[in-house]
Amino acid sequence: MFKKNTLQSLLMIVLMVMQAAVVHGATFWFDRSESAKQGHLNVEITQPGEYQVWVWANRGSDIDVIVSNMKSVIPPKEGEGAEYTWRQGETINLRQQGSVNLSVRENGQRDTPTWGMLVLTTDSDYDPEQVSGLFQVFREVPDCTHDRRCDSVRRLRQFMEFERCDSLNEWEQRAANLRSHIKTLLGLNPPPHKCPLNPNITGRVERDGYSIEKVTFESWPGFLVTGNLYRPLGKKGPFPGIVSPHGHWGEGRLADDERGSVPARCINFARQGYVIFSYDMVGYVDSCQLPHGYGQELENLWGLSVMGVHTWNSIRAIDFVQSLPDVDAERIGVTGASGGGTQTFMLYAVDDRPKVAAPVNMISGRMQGGCICENAPLLRIEHNNIEIGALFAPKPLFMVSCTGDWTDETPFNEYPNIRSIYRLYDADNHLDTTYVDAGHNYNRESREAVYTWFMKWLMGKPDAGHVSEEPYNLEPDEVLRIFPNGLEGHPFADVTAEKFTAGRIAEMQTWLDSLDCNSEFGLAGYRKLIGEQWPNMMGGEVPDRHDLHIDRRSRAKYDGYQVNHLILGRKGKGDRVPATLFIPTRVSEPSPATIIVHPDGKRALADIENGQPRQLVQKLLEQGHRVLGLDTFLTGEYHSPLAKTERNRDESLFTAYNYTDTACRVQDILTAVAYLFSRTDVSEVNIVGLETSGVDVALAKPLAPQVSRIAVDLAGLDLSQNDAWLKHYFVPCLRRLGDIRSALILSAPAPCLVQRAKGVSRERIDDAYASAGAENNLTWSEDAWDDSSLAEWLND
């Protein structure tokens with residue numbers, strides 16, 4: 001996890017990122033990995049005296065520690081034992097207060113660093129080995145945890161298997177969960193308010209057997225969906241309606257070449273007797289208010305994404321088509337190719353009105369859609385297009401694939417998998433496929449196959465046979481375009497990305513404020529609406545004890561307690577969470593256990609200066625508690641003492657396929673909860689989140705109702721502002737679902753201590769606890785509690 005460096009003799013080792021550090025009392029401890037770039041450390045000496053020098057280093061290394069031009073020589077250590085060991089150097093006499101320079105040099109040619117930790121102390125009896133035993137899991141070599149989440153990145157172009165279902169009940173439960181997941185991550189649960197469409201239909205032209213019109217309508221107030229409406233001429237309605245999103249062809253809904261022609265399919269569908277609406281993707285052709293790449297971290301935090309906008313536009317497109325007097329509102333179909341194929345199955349995943357569907361060249365197990373508009377954050381971490389495509393069962397679904405793109409395996413992989421779901425419904429004949437020898441397309445052969453399917457199932461003519469495409473004439477752009485000069489002449493030219501985002505956030509804030517736990521909606525309603533979406537967003541769960549993988553590495557014995565050094569994880573997941581479990585040796589009966597989470601990891605459970613557990617741990621041990629310290633994701637021993645671990649983020653759509661760091665830390669807390677409950681000596685579990693880790697604990701509690709009580713330090717952060725969430729706790733959709741307020745509401749009625757809260761309104765949280773009949777279980781403090789008071793509260 002660290003880079004090899006060639007270290008020359010007399011080379012000054014990099015010691016600290018910061019320019020200065022303060023010795024706390026008379027002991028100073030730091031890791032080499034904390035000293036990445038500045039070259040030397042200015043140490044502020046507050047207590048002059050004789051300083052012992054200790055280095056945790058390779059036995060064979062020859063090291064000099066230089067402090068204020070005085071040198072402490074640490075020669076190689078002879079004998080057997082651990083590869084790395086604590087070694088004491090010559091004493092250095094620092095006679096004056098003030099700033100001194102400190103550096104380390106490694107003598108001799110070295111391919112890798114040879115030391116990991118360094119201690120300066122005036123305590124002649126100080127034993128760093130005993131101190132490191134309070135928190136150090138990797139005690140013999142300078143290692144780190146090697147958690148798979150740091151290195152293994154799930155990707156867009158990674159083959160994904162379909163998980164078999166053996167019963168209809170199993171599938172329908174899975175399908176319901178998947179639909180809920182999709183709705184949450186697209187910002188559609190609850191759906192936005194349906195404003196009046198205010199449709200504007202203009203520019204009608206009549207051709208041989210069909211007409212074309214220009215259409216705009218509002219999917220949100222002041223935000224237009226743009227497109228063309230094709231209708232039959234010379235036929236009697238009402239007609240079936242089709243909504244038809246286009247794909248990533250440069251000309252969008254105007255695209256016309258051998259690979260695919262949107263006008264060709266619309267003209268032919270209209271001649272066959274359908275009313276078909278072809279509409280723009282965001283940022284294409286006449287949809288010019290938002291860029292196609294709309295939706296970065298700020299928007300994602302509020303559940304806003306270009307994929308969510310697309311899907312809502314498609315829902316409103318059905319509303320528009322159903323509103324037309326010549327359309328049979330009960331016969332609605334949807335078809336599109338490429339990105340339009342993705343929009344096709346995302347639409348029917350969240351809207352049950354389509355009766356027939358044909359997603360073209362997009363249901364694949366090895367490529368999930370290459371654009372941001374097909375990859376909402378968190379959407380495909382545990383899911384893929386095969387199971388999303390299967391959500392249409394048992395309604396008539398036609399799968400088009402080809403030899404020249406990522407659907408080249410569809411006939412013998414994706415199609416049979418989806419067919420297994422149709423068989424559960426005894427609806428084999430409602431699914432079919434065609435395989436076209438061509439590149440990525442919606443070409444004539446593909447279109448004719450879809451015409452035939454729609455004629456059978458949407459037109460209700462099962463015996464019509466093959467439907468061929470008739471010749472068509474392409475209209476000039478001016479007949480089809482609405483805003484050929486971009487926002488010039490646009491009635492809502494001022495509703496651009498910034499204003500659109502602000503409007504949606506304001507709507508969501510108003511909605512959140514309306515969720516009153518004292519009203520008829522109540523705490524039960526809050527749990528159903530927000531609580532059921534929390535796993536969709538956070539992804540975490542308390543694993544079953546049989547799914548745990550526990551690696552006990554070593555133990556250290558102390559007076560009255562022992563410390564077990566552990567690595568916690570889940571089978572098959574590759575997560576490896578370093579932990580230390582403090583066990584009072586005089587308590588034999590099952591007793592409470594308390595998890596303590598700190599941004600510095602389990603090291604924060606040690607009082608480095610006096611070589612003892614910090615007071616909070618000591619008090620809890622005296623009260624009979626087991627105490628578990630964690631290095632949650634990317635804290636503590638996720639890093640080697642020699643170098644920091646960096647997470648591999650080499651995927652342009654990272655958050656669509658991988659959990660964020662915050663979500664990983666939440667899962668680590670939940671894994672720790674499961675571990676403690678798996679122990680026979682634990683009667684209940686509490687969690688304490690100190691400093692900035694308090695928010696992680698609050699976010700975890702709704703997923704761990706079995707936890708008895710939580711203490712949450714909000715660290716004085718202004719959590720009413722987006723910046724705190726973007727910088728410290730980024731999880732897509734988190735602010736849309738109420739962030740810290742919802743986390744604490746969903747914690748009711750469990751006893752909860754909140755300290756150092758800023759910018760968090762407690763009114764709704766108080767209401768939730770009152771609604772649960774547990775007003776006294778919520779304790780709120782603007783100041784930080786000391787360790788003794790916190791231990792007393794935990795034992796109350």
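For the structure, see preceding data.
Residues numbered from 1 in each chain as written. Predicted model: local features only at pLDDT ≥ 70, side-chain atom pairs only at ≥ 80, totals over all residues. Heavy atoms only, no water.

Description of the packing of aromatic side chains
Cut-off, in case you're wondering: Stacked, tilted and edge-to-face pairs are distinguished by plane angle, under 30 degrees for stacked and over 60 for edge-to-face with tilted covering the rest, among Phe, Tyr and Trp rings (Trp via its six-membered ring) whose centres lie within 6.5 Å. Helix and strand definitions here come from DSSP, where helices need a minimum of 4 consecutive H or I residues and strands a minimum of 2 consecutive E residues; each element is numbered from the N-terminal end. Counted as over-ring charges are cases with an Arg CZ or a Lys NZ within 6 Å of the ring centre that also lie within 35 degrees of the ring normal.
Across all of its chains, the model carries 23 aromatic pairs by this definition. Where tyrosine 294 meets phenylalanine 500, the ring centres are 5.7 Å apart and the plane angle is 80°; that geometry is what we call edge-to-face. Pair noted here: tyrosine 294 is in the loop between strand 15 (275–279) and helix 5 (297–301) and phenylalanine 500 is in helix 12 (residues 497–513), with a separation of 206 residues, a long-range link. Members of the aromatic cluster, joined through ring pairs, are Trp220, Phe223, Tyr294, Trp312 and Phe500. The positively charged end of arginine 736 is found above the aromatic ring belonging to tryptophan 511, 5.6 Å away from the centroid.

Let's talk about the pairing of strand 10 (residues 115–121)
Quick note on the threshold: Buried residues are those whose accessible area, probed at 1.4 Å on protein chains only, stays under 20% of the maximum for their type, while exposed residues exceed 50% and partly exposed ones sit between those limits. For two strands to be treated as a pair, DSSP must find at least two bridges joining them.
Burial within strand 10 is extensive, with seven of its seven residues counted as buried. Where strand 2 (residues 27–31) and strand 10 come together, five bridges link them in antiparallel fashion. Bridging from a neighbouring strand, phenylalanine 30 pairs with leucine 118 of strand 10.

Things to note about the pairing of strand 9 (residues 98–106)
Strand residues, when the strand is regular, have side chains that alternate between the two faces of the sheet. Among the nine residues that make up strand 9, seven are buried, leaving the element largely enclosed by the rest of the structure. Relative to strand 9, strand 3 (residues 41–45) runs antiparallel, the two sharing five bridges. Bridge pairing links isoleucine 45 to glycine 98 in strand 9.

Looking at the nonpolar core
The nonpolar side chains of a soluble globular protein tend to be buried with one another. To be explicit about the condition: Throughout this description, the term nonpolar core refers to a set of buried Ala, Val, Leu, Ile, Met, Phe, Trp, Tyr and Cys residues connected via side-chain atoms within 4.5 Å. By definition in these notes, contact holds between two residues if any of their heavy atoms fall within 4.5 Å.
Trp534 and Leu628 are the most contacted members of the largest nonpolar core, which has 159 residues in total. Top element by residues in this core is helix 17 (residues 661–677). It accounts for ten residues. Ignoring sequence-local partners within four residues, the contact set of tryptophan 534 consists of Gly539, Leu699, Pro702, Leu703, Leu734, Leu737, Asp739, Ser742, Ala743 and Leu746. Core analysis: the second largest hydrophobic core is formed by 34 residues, Tyr558, Phe582, Ala606 and Leu790 among them.

Section: the environment of tyrosine 284
Relative to the helices and strands, tyrosine 284 is located in the loop between strand 15 and helix 5. Residues tyrosine 284 and tryptophan 249 lie 35 residues apart in sequence; the distance between their C-alpha atoms is 9.6 Å. With near-sequence residues (within four places) excluded, tyrosine 284 lies in contact with His246, Gly247, His248, Trp249, Gly250, Gly252 and His292.

Notes on the side chain of glutamine 289
The condition is simple: Two N or O atoms form a polar contact when they lie within 3.5 Å of each other; inside protein one atom must be a possible hydrogen donor and the other a possible acceptor, and for residues adjacent in sequence the pair counts only when both atoms belong to side chains.
Position of glutamine 289 among the secondary structure elements: in the loop between strand 15 and helix 5. Within polar-contact distance, the side chain of glutamine 289 engages the backbone nitrogen of leucine 224 at 2.9 Å. Polar side-chain contacts of glutamine 289 include one of 3.3 Å to the backbone oxygen of valine 495. In this structure glutamine 289 touches Gly222, Phe223, Leu224, Leu487, His490, Phe492, Val495, Thr496 and Ala497, once residues within four positions along its chain are discounted.

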